[in-house]
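Summary of structural features
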Amino acid sequence: MNSFQEANLKAEILTALEDMNFQKPTPIQSEVLALFREDIRDCIALAQTGTGKTAAFSLPILNSINPGDQSVKAIVLSPTRELALQIGNDVFDMSKHLSGVNNLVVYGGSSISQQIKDLRKGPQIVVGTPGRTKDLINRGKLKLEEVEWVVLDEADEMLSMGFKEDLEYILSQTPQDRTVLLFSATLPKEIRKIANKYLKSPLEITVGNRNEGAKNVTHKYFSVRRKDKYPALKRLLDMHPDIYSIVFCRTKRETNDIAARLSTDGYNSDTLNGDLTQSQRDLVMQKFRDKQVQILVATDVAARGLDVNDLTHVINYKLPDENEAYVHRSGRTGRAGKSGLSYIIIEPGEIGKVKQIEKSLGKTIEAATIPSGMDICKVQLRDFINKVKDTEDSTQELENLLPEINESLKDVSKDELIKKLVAHEINTLLDYYKDDIDINVEPGKARSSKEGRSRNRKSGVEYTRFFLNVGRRDKYQKKNLLELINKVLTVKGIDIGDIEILKSYSFIELEKGHEKMAISAFKNTRLKGRALSLEVANKRTDKPSRNRKFRKNSKRRR
Ligand code: AMP
């Protein structure tokens, strides 16, 4: 479908799309609109953020709503409050001319009584995070009898954030004949299971290849020694004077470290991580969206739901534990038809991980070299000259000042003046890079398994190894454990080393000196009703005490 007109959309919706300057449907919109022109049925759409998926599910819903009927017709579930608000805004824009059609966004951490009041006003579309939506259903305030549509947006993210039970509950409470639209960037087994259970012969729509990062993204990796990672990051930033980028780190502590160093070194940067209060977070995100901040240093969790369209680069300062997280990270650039770059700064031993990611992306990650200081200075110089050429110079205020300026520069020739201007701009950088060395190193073969296991340890930091009674059996992967640890520890900024997940338990390394606090913090935490237990493990082979007892008993039995 090449135009929105072909989709039999109401005139009010077409006008809104014109207002929004949506000239023609994106591929996912074309597919979904074509489907709903013919038929109404469940569908699974494999689509990244940035493909236009919000309008893809919102348009058929809005088109079907009768403004006179003020019951809830559609529930849209989203993993984060930020994404929910973004969807709410988009739906608002698309329904601007449809009088009597309204949406409400509900999410945790904000007054439930206000949301209950707003529900009484009769919105037809409710966009919500799973926890709060379930809560409102349980309280009998969000009525589902009339629901015709359920949208699961970023379904894979919702599952990895532990919302599986809430999703299943909500789906099971909606009428049997509702239409379910499931949007996901990846299709792990768990999503398949949900689809098999709750969707009726769904049509599968894939935009781009499965698991492929946005089509317009070019992926490059740079191999440097660990000690050169930060200088490498600086060179990449210096090489792109107008960069607008998220720099991804693995832990909150690392984001704080990097952002602090960047600020000290004069970069326009800020941090987004779980240590921020909601209002601090909102402020940072607003500044980043408004481009008052050029470089945002973030963890994966914190950057979820941050909707920014024109990132020039995503920089992976540290690779994520799961390949799928890389797909999400890199999908944040190259959006809305623009091209984007995803850079990975690796240590030589991490090349194996890059190869694995290549496989799951289905795309080549090119080897690239960190530029030399001289290359950077040339780029900065060209940029400066272009900016000077483009500078507005015909204002009256400037004209008024010109006689004075000319007078004070009368002894300086044109050539000299140019040299001085350029020197003024570029001398600091030239000085910084004058003795630069080549920091690129050949990516090596995968390190021995022992080294590989220690890849997240920082040099100079001592760790204590712990046993935790959460494992793969609990459907926990490294990234979930990392989230859990970050959530539970009351003292923030503790370095997390290696994480090893086994079937029913895990070994985790935490910075030495916080043992007591960590053990008691976990003691007070429950996971799906089960008490968590964190114990110091002295040897790698150490097993939990429960198991040691079991082995003794079984010996005795023999
Ligand atoms: P989404 O994937 O829904 O987050 O959309 C990504 C961005 O693309 C949003 O900023 C949308 O406003 C924009 N967008 C979505 N559909 C279109 C379209 N048909 N034409 C132009 N921009 C669009």
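What counts as what
Residues numbered from 1 in each chain as written. Predicted model: local features only at pLDDT ≥ 70, side-chain atom pairs only at ≥ 80, totals over all residues. Heavy atoms only, no water. Helix = DSSP H or I, 4+ residues; strand = E, 2+ residues; numbered from the N terminus. Rg over C-alpha atoms; globule rule 2.2 N^0.38 Å. Buried < 20%, exposed > 50% of the residue type's maximum accessible area, 1.4 Å probe, protein only. Contact = heavy atoms within 4.5 Å. Areas by Shrake-Rupley, 256 points an atom, 1.4 Å probe, with all protein chains shown as cover. Lys, Arg positive; Asp, Glu negative; His and termini not counted. Charge placed at Lys NZ, Arg CZ, Asp CG, Glu CD. Near = heavy atom within 4 Å. Polar contact = N/O pair within 3.5 Å; in protein donor to acceptor, adjacent residues only side chain to side chain. Nonpolar A, V, L, I, M, F, W, Y, C, P; charged D, E, K, R; others polar. Domains from an automatic or database assignment. Buried area = accessible area lost by both parts, 1.4 Å probe. Pairing = 2+ DSSP bridges. Axes fitted to C-alpha atoms, helices over the stretch in contact; angles between N-to-C directions. Phe/Tyr/Trp six-rings, centres within 6.5 Å; stacked < 30°, edge-to-face > 60°. Parallel < 35°, antiparallel > 145°, perpendicular 65-115°, else oblique. Left-handed = near helix turned anticlockwise from the far one by under 90°. pLDDT = per-residue confidence, 0-100. Expected span 1.5 Å × (residues − 1). Arc of directions from axis to C-beta.

**Thoughts on the overall build of the protein**
Scanning the protein for helices and strands turns up 22 helices and 20 strands. On C-alpha atoms alone, the protein measures out to a radius of gyration of 27 Å, which is about the 24 Å that the 2.2 N^0.38 rule sets for 558 residues. Judged by the C-alpha coordinates and their principal axes, the protein covers about 85 × 75 × 40 Å. Burial statistics for the protein: of 558 residues in total, 50% are counted as buried. Expressed as a percentage of contacts within the protein between residues at least 6 apart in sequence, the contacts between residues at least 24 apart total 77%. When the accessible surface of the protein is split by element, carbon and sulfur atoms take 49% of a total near 27,400 Å². A distance of 12 Å separates the average location of the 93 positive side-chain charges in the protein from that of its 78 negative side-chain charges.

**Some points on the site of the ligand**
In the vicinity of the ligand lie 14 residues, with Gln29, Gly50, Gly52, Thr54 and Asn309 positioned nearest. A distance of 2.8 Å separates a nitrogen atom of the ligand from a polar atom in the side chain of Gln29. In the model, an oxygen atom of the ligand is placed 3.3 Å from a nitrogen or oxygen of the Lys53 main chain. For the ligand, whose free accessible area comes to 490 Å², the fraction covered by protein is 80%. Along the lines of polarity and charge, the residues of the shell around the ligand split into 2 nonpolar, 8 polar and 4 charged.

**Thoughts on unusual backbone geometry**
With a phi close to 50°, Glu154 is a non-glycine residue in the positive phi region. Along the polypeptide, Glu154 turns up in the loop between β5 (149–152) and α7 (155–160). When its relative accessible area of 11% is taken as the criterion, Glu154 is described as buried.

**Things to note about the domain arrangement of the protein**
We note that the domain assignment places domain 1 (4–206), domain 2 (217–371), domain 3 (374–433) and domain 4 (456–544) within the protein. Here domain 2 and domain 4 have C-alpha centroids that lie 26 Å from each other. Tallying the contact residues gives 12 residues for domain 2 and 18 residues for domain 4. Together domain 2 and domain 4 conceal approximately 1,400 Å² of surface at their shared face, both sides included; 43% is due to carbon and sulfur atoms. The largest contributions to the domain 2 side of the interface with domain 4 come from Arg250, Arg253 and Glu322, which together make up 41% of the buried area.

**Some thoughts on the sheet that holds strand β11 (residues 295–298)**
Overall, parallel pairing links the 7 strands, which are arranged β10-β11-β9-β12-β13-β8-β14 in an open sheet. The open sheet has two edge strands, β10 (269–272) and β14 (365–368), and neither has a second partner. Averaged over all neighbouring strand pairs, the angle between strand axes comes to 25°, with direction disregarded. Here 7 bridges tie strand β8 (residues 217–223) to strand β13 (residues 340–346), and the two strands are oriented parallel to one another. Note that in β13 the partner of Phe222 across the bridge is Ile345. Most of the contacts of helix α11 (residues 252–264) go to β10, to which it runs at about 165°, and overall it touches β10 and β11.

**A short note on the pairing of β8**
Side chains on a regular strand alternate between the two faces of the sheet. Among the 7 residues in β8, 5 count as buried, and that is most of the element. Where β8 and β14 come together, 4 bridges link them in parallel fashion. Bridging across to β14, Phe222 finds its partner in Ala368.

**Notes on the packing of aromatic side chains**
Enumeration according to the criterion identifies 7 aromatic pairs in this entry. Look at Phe36 and Trp149: their rings are 5.4 Å apart centre to centre, the planes differ by 65°, and that puts the pair in the edge-to-face class. With a gap of 113 residues between them, Phe36 in helix α2 (residues 27–38) and Trp149 in strand β5 connect regions that are remote in the sequence. For Phe36, a relative accessible area of 12% puts it in the buried group. Residue Trp149 is classed as buried on the basis of its relative accessible area of 3%. Where Phe222 meets Tyr343, the ring centres are 4.9 Å apart and the plane angle is 75°; that geometry is what we call edge-to-face. Taken together, the residues Phe222 in strand β8 and Tyr343 in strand β13 connect sequence positions 121 residues apart.

**Here's the deal with the packing of helix α5 (residues 112–119) against helix α6 (residues 130–138)**
The N-to-C vectors of α5 and α6 enclose an angle of 65°; their axes lie 12 Å apart at closest approach. Our classification of the angle between α5 and α6 gives roughly perpendicular. The two elements α5 and α6 meet at a crossing, and its hand is right-handed. Only Arg132, Asp135 and Leu136 of α6 make contact with α5, whose side of the interface consists of Ile112, Gln115, Ile116 and Leu119.

**Describing the confidence of the model for the protein**
Per-chain confidence: the protein averages 85 in pLDDT, with 92% of residues scoring 70 or above. Looking at the elements of the protein, mean pLDDT is at its lowest for helix α22 (residues 545–557), recorded as 32, and at its highest for strand β2 (residues 74–77), recorded as 98. Considering only residues more than four positions removed or in separate chains, one finds that residues 209–213, a stretch of pLDDT under 50, has 15 contacts.

**Focus on the packing of helix α10 (residues 229–239) against α11**
Between α10 and α11, the shortest axis-to-axis distance is 12 Å and the interhelical angle comes to 55°. Taken as axis vectors, α10 and α11 run oblique relative to one another. Crossing angle aside, the handedness with which α10 passes α11 is right-handed. Every residue of α11 that contacts α10 at Tyr230, Leu233 and Leu237 is listed here: Ile258, Arg261 and Leu262. Along the lines of polarity and charge, the residues of the contact of α10 with α11 split into 5 nonpolar, no polar and 1 charged.

**Quick word on helix α12 (residues 278–289)**
Under the 1.5 Å per step criterion, the end-to-end length of α12 is 16 Å for 12 residues, consistent within 8% with the ideal 16 Å. Listing the buried residues of α12 in full gives Arg281, Val284, Met285 and Phe288. The buried residues of α12 all sit within an arc of 95° when viewed along its axis, so they share a single face. Exposed and facing more than 90 degrees away from the buried side of α12 are Ser279 and Leu283.

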